[in-house]
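Here is what each chain is made of, one letter per residue.
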Amino acid sequence: MQYIYADIHIHPFSEVACDILSASLGEIGYDSFEHTPTGINAYISEEKFNDADLQDVFDHFFIPDTSFTFSIKRLENKNWNEDWEKNSFDPILEREFGIKLNPRMAFGSGSHETTYQITSLLLGKDFTSQRVLDMGTGTGVLGIAMAMKGAKEVVAIDIDEFSVENAKENFALNSINNAKIILGDATSISGQFSTIVANIHKNIIKKDLPIYVEHLQPNGTIIISGFYTKEIAEMEKAAAIYKLTVKKTTQKNDWAVMELCLTPNI
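Now for a description of the structure that goes with this document. Keep in mind the model is a prediction, meaning the values are calculated, not measured.

Criteria and thresholds
Residues numbered from 1 in each chain as written. Predicted model: local features only at pLDDT ≥ 70, side-chain atom pairs only at ≥ 80, totals over all residues. Heavy atoms only, no water. Helix = DSSP H or I, 4+ residues; strand = E, 2+ residues; numbered from the N terminus. Buried < 20%, exposed > 50% of the residue type's maximum accessible area, 1.4 Å probe, protein only. Contact = heavy atoms within 4.5 Å. Areas by Shrake-Rupley, 256 points an atom, 1.4 Å probe, with all protein chains shown as cover. Arc of directions from axis to C-beta. Pairing = 2+ DSSP bridges. Axes fitted to C-alpha atoms, helices over the stretch in contact; angles between N-to-C directions. 1 Å grid on protein atoms, 1.4 Å probe; cavity = no way out; pocket = protein on both sides within 12 Å on 5 of 7 lines; lining within 4 Å. Points joined across faces, edges and corners; volume = space filled by probe spheres on them. Nonpolar A, V, L, I, M, F, W, Y, C, P; charged D, E, K, R; others polar. Salt bridge = Lys/Arg side-chain N within 4 Å of Asp/Glu carboxyl O. Left-handed = near helix turned anticlockwise from the far one by under 90°.

1. Regarding the overall build of the protein chain
- Of regular secondary structure, the protein chain possesses nine helices and eleven strands.
- By residue count, 52% of the 266 residues in the protein chain fall in the buried class.
- Sequence-distant contacts, at least 24 apart, represent 65% of the contacts inside the protein chain between residues at least 6 apart.
- By element, 50% of the accessible surface of the protein chain is carried by carbon and sulfur atoms, the whole surface being about 12200 Å².

What follows is the structure, given as structure tokens:
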């Protein structure tokens, strides 16, 4: 798969603007991001790139009086991944949790607050005998964490072929052989799950929540992330439509994780 990246400079620069821009670009298909001293490098497969969509994100940016300059560069996956692994990858998940990764993308490596928070949360739970789902698996790290904590079967789904191959690598690297890794979206989900984890962008989560609930076992749990703390109320409202209530919320550097459960029938 051929990847390109947008080398984006933010004026005036701020870390908050970088985070908001990354989230906005994620909603139009960009799947990994690298902060630079003046902005971000945003990576996307060439087939998904659309110049008009990128410009629309700039034109409707959340922070007033912010402007952007950018250039688009083409590169092969192998080249940019090898460079990122050598120069930017911090194996924080292996160092702190014993999860080994051969990362092919920044998102899902543990460097992002959402991945780190959910991994820590999952490793504090017991998934013995559970069938679990890692939706939007990326590197596969969240499915790996649940397998390490006793899950009897892990289903990991991603819409990106490159992510699916990377997840397969990482499950094998951690000697996990009870995982089924699927190329597809939420319509690919089948069967029932005790725990469903979705670390995706909020609009995708909101759209797919009814599918998650349909495949959730009684007394099951849905763990979601990929949105800001200021969006917690919005996500609570979306969850309530499907009789989901918040069991726990955590946050780190303005990124939130929510643990949801079905409201018991009275």
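2. Focus: helix H9 (residues 232-241)
- Those residues of H9 that sit buried are Ile232, Met235, Ala238 and Ala239. For H9, the angular spread of buried residues about the axis comes to 125°, placing them on one side. Along H9, the residues that are exposed and aim more than 90 degrees away from the buried face are Ala233, Lys237 and Ile241.
- Structurally, H9 contributes buried residues whose contacts are with helix H8 (202-214), strand E9 (216-228), strand E10 (244-252) and strand E11 (255-262).
- Lys243 occupies a position one or two residues after H9 and carries a positive phi of about 60°.

3. Describing the sheet that holds E11
- A sheet is described by the order of its strands in space; here seven strands give the open sequence E7-E6-E5-E8-E9-E11-E10, paired in mixed fashion. Strands with a single pairing partner mark the edges of an open sheet, and in this sheet they are strand E7 (179-183) and E10. The mean inter-strand angle of the sheet, taken between neighbouring strand axes irrespective of direction, is 15°.
- By the bridge criterion, five bridges tie strand E5 (residues 131-135) to strand E6 (residues 153-158) in an arrangement that is parallel. Across the sheet, Met135 pairs through a bridge with Ile157, a residue of E6.
- H8 contacts E5, strand E8 (193-199), E9, E10 and E11 of the sheet and is inclined by roughly 175° relative to E9.

4. Some words on unusual backbone geometry
- Geometrically, the link from His11 to Pro12 is a cis peptide bond, its omega value of -5° lying close to zero.
- For Pro12, the location among the structural elements is in the loop between strand E1 (2-11) and helix H1 (15-26).
- Located in the positive-phi region is Asp254, a residue other than glycine, with phi close to 75°.
- Along the chain, Asp254 falls in the loop between E10 and E11.
- Of the residues examined, Asp254 reaches a relative accessible area of 46% and is grouped as partly exposed.

5. Things to note about the layout of surface pockets
- Considered as a void within the structure, the second largest pocket measures approximately 280 Å³ in volume.
- For the lining of the second largest pocket, the secondary structure elements donating two or more residues are H1, helix H2 (51-59) and E9.
- Of the residues belonging to the lining of the second largest pocket, the class tally is seven nonpolar, four polar and five charged.

6. Side note on the pattern of salt bridges
- Applying the stated criterion across every chain, the model contains ten salt bridges.
- Between Arg74 and Glu46 there is a salt bridge whose closest N-O contact spans 2.9 Å. Note that Arg74 is positioned in strand E4 (residues 67-76) and Glu46 in the loop between strand E3 (39-45) and H2, a separation of 28 residues in sequence.
- Ionic contacts of the salt-bridge type, sharing partners, join the residues Lys202, Lys206, Glu231 and Glu234 into one network.

7. Notes on the pairing of E10
- Relative to E11, E10 runs antiparallel, the two sharing eight bridges. Bridging from a neighbouring strand, Lys252 pairs with Trp255 of E11.
- Linking two consecutive strands that pair antiparallel, namely E10 and E11, is a turn of two residues; a positive phi of about 50° is found at Asn253 within it.

8. Some thoughts on the packing of H1 against H2
- Contact geometry of H1 with H2 gives a least axis separation of 10 Å together with a crossing angle of 140°. Both H1 and H2 take part in a crossing whose hand is right-handed. For the pair H1 and H2, the contacting residues are Leu21, Ser24 and Leu25 in the first and Leu54, Val57 and Phe58 in the second.

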